[in-house]
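Coordinate inspection notes
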Amino acid sequence: MIRLLSAADIPAAMRLKEAAGWNQTEEDWANLLAAEPEGCFGLDCDGALVATAAGVCFGRSLAWIGMVLTAPEYRGRGFARRLMDHTLAFLASRGVEWIKLDATDMGRPLYAKLGFEGEGPVERWCLPRVADPRPVDLPPCRVEDFAELDHAAFGADRLEILRRVAVESACIPGEGYAMGRPGTKAPYFGPCVCRSSQAARTLLEWFLARHPGESVFWDLLPSNAEALRLAQEFGFEPRRKLVRMSLRGLPEAPSFRHDDSAVFAIAGFEYG
């Protein structure tokens, strides 16, 4: 049975996440439920939650699908397909023009069957240990100050999600912002949207200075050559490669416009 998820399902959803080896926290699940309470779905079998999917709308221009998870012992039964069909029907009812997701190797064949097409890679990089960081003092970020810059980079208004994920934040006025949050395996750097690589460098140094001795995750778009160069320069190592995929939700939807050159770190595989 497919049903809406609630806060009471977070512990069971976390068990699915842990089985997949992902980095999300209970707060990440809570953020999704708060941002789109009618778009987070679960499938029960044998009296337990065994699969999930979540679709978050950024207005009508874009929706993002994430947290497509199935317990290992229940894979191969078509549960992910059923949840994706259900999620896509929900997004269709919202009249969303474009739908995107970041696909793992396991999920990509299913998404292709549903009509999603690949846009390009998105990669997770890891710094095994932050060593001797340089202290950087920056003011916190007011997301409203970067609404125009972020919209042009991401392609849609996502200020509500940014407000929720800004556990740590900093900005360089007029140049860009960065955020970070905890993870179950490592602190997470992102999103980071900047007008220049120098601003991104300073914001990265700010984040690393807050996590001495820890490992750090950073999800980036390799199409942004400057982000890739910074990751290599600071000693990050590639860990995972996914494929960003998109689906036109409405036949008459205009081309989706975004600017990856300003995206130095994504908000997360579940947020875009």
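The sections below set out a description of the structure shown in this document. Sequence positions are assigned chain by chain, starting from 1 and proceeding in written order. Where local features are concerned, this predicted model is filtered to residues with pLDDT of at least 70; where side-chain atom pairs are given and counted, the filter is 80 or more; whole-chain, interface and lining totals use all residues. Only hydrogens and water are removed before side-chain values are computed, so all heavy atoms of the structure are retained for them.

In this description a helix means any DSSP run of H or I spanning at least four residues, a strand means any run of E spanning at least two, and both kinds are numbered starting from the N terminus. The secondary structure content of the protein chain amounts to eight helices and twelve strands. The C-alpha extent of the protein chain, read off along each of the three principal axes, is 50 × 40 × 30 Å. Categorising residues by exposure relies on relative accessible area from a 1.4 Å probe, with only protein chains included: less than 20% of the type maximum marks a residue as buried, more than 50% marks it as exposed, and the intermediate range marks it as partly exposed. The proportion of buried residues among the 272 residues of the protein chain is 56%. Only heavy atoms enter the contact rule, under which two residues are in contact if any of them lie within 4.5 Å. Put simply, of all contacts in the protein chain between residues at least 6 apart along the chain, 76% involve residues at least 24 apart. Here the protein chain has roughly 11600 Å² of accessible surface; of this, 51% comes from carbon and sulfur atoms. The centroid of the 31 positive side-chain charges in the protein chain is displaced by 3 Å from the centroid of its 37 negative side-chain charges. Exposure was quantified through the Shrake-Rupley algorithm and a 1.4 Å probe, taking into account, for residues, occlusion by the shown protein chains and nothing else. Only four residue types enter the tally: Lys and Arg on the positive side, Asp and Glu on the negative side; His and the chain ends are excluded. We put the charge of a Lys on NZ, of an Arg on CZ, of an Asp on CG and of a Glu on CD.

Structurally, E123 can be placed in strand β6 (residues 117–127). For E123, the side chain forms a polar contact with the side chain of W125, separated by 2.9 Å. Apart from the residues within four sequence positions on either side, E123 is in contact with W218, D219, L220, P222, L228, R240 and K241. Pairing of N or O atoms within 3.5 Å defines a polar contact, subject to two protein rules: one partner must be a possible hydrogen donor and the other a possible acceptor, and residues neighboring in sequence count only if both atoms are side-chain atoms.

A few words on the side chain of D219. Residue position: D219 is located in strand β10 (residues 216–220). Of note is the side chain of D219, whose polar atom sits 2.9 Å from the side chain of Y188. Ignoring sequence-local partners within four residues, the contact set of D219 consists of E123, R124, Y188, F189, A265, I266, G268 and F269.

Attention now moves to the environment of M14. Within the secondary structure, M14 sits in helix α1 (residues 10–20). Look at M14 and you get buried, because its relative accessible area is 11%. A C-alpha to C-alpha distance of 21 Å links M14 and A166, two positions 152 residues apart in sequence. Here M14 is in contact with Q24, T25, E26, W29 and T184, once residues within four sequence places are set aside.

Here the term cavity refers to a set of points on a 1 Å grid, laid over the protein atoms alone, in which a 1.4 Å probe fits but cannot get out; the term pocket refers to an open set having protein on both sides within 12 Å along at least five of seven lines, with lining residues being those that place an atom within 4 Å of a point. Grid points are joined across faces, edges and corners, and a volume is the space filled by probe spheres set on the points. A full pass over the atoms with the stated rule returns one cavity of 30 Å³ or more. Size it by volume and the largest cavity reaches roughly 70 Å³. Around the largest cavity, the lining residues are N23, Q24, D28, R124, R181, P182, G183, Y188, D219, G268, F269 and E270. Three categories are distinguished: nonpolar for Ala, Val, Leu, Ile, Met, Phe, Trp, Tyr, Cys and Pro, charged for Asp, Glu, Lys and Arg, and polar for the others, with Gly belonging to the last. Of the residues in the lining of the largest cavity, the class split is three nonpolar, four polar and five charged.

A few words on the nonpolar core. Grouped together as the largest cluster of nonpolar side chains are 80 residues, with contacts concentrated most on I65, M84, I99, Y111 and F116. Among the elements that make up this core, the one with the highest residue count is strand β3 (residues 48–58) (eight residues). The contact partners of I99, leaving out residues within four places of it in the chain, are A63, I65, L88, L91, F116, M245, S246, L247 and G249. The definition of a nonpolar core used throughout is a set of buried Ala, Val, Leu, Ile, Met, Phe, Trp, Tyr and Cys residues joined through side-chain atoms within 4.5 Å.

Moving on: the packing of aromatic side chains. Within a pair of aromatic rings, the relevant descriptors are the distance that separates the centres and the angle that separates the planes. For this analysis, a ring pair means two rings from Phe, Tyr or Trp (six-membered ring only for Trp) whose centres lie within 6.5 Å, classed as stacked if their planes differ by under 30 degrees, edge-to-face if by over 60, and tilted for the remaining angles. Within this structure, the stated rule accounts for ten aromatic pairs. Note on W206 and F207: the rings are 6.0 Å apart at their centroids and 55° apart in plane angle, and the pair reads as tilted. Exposure class is identical for W206 and F207. Each is buried. One aromatic cluster in this structure is built from F189, W206, F207, W218 and F236.

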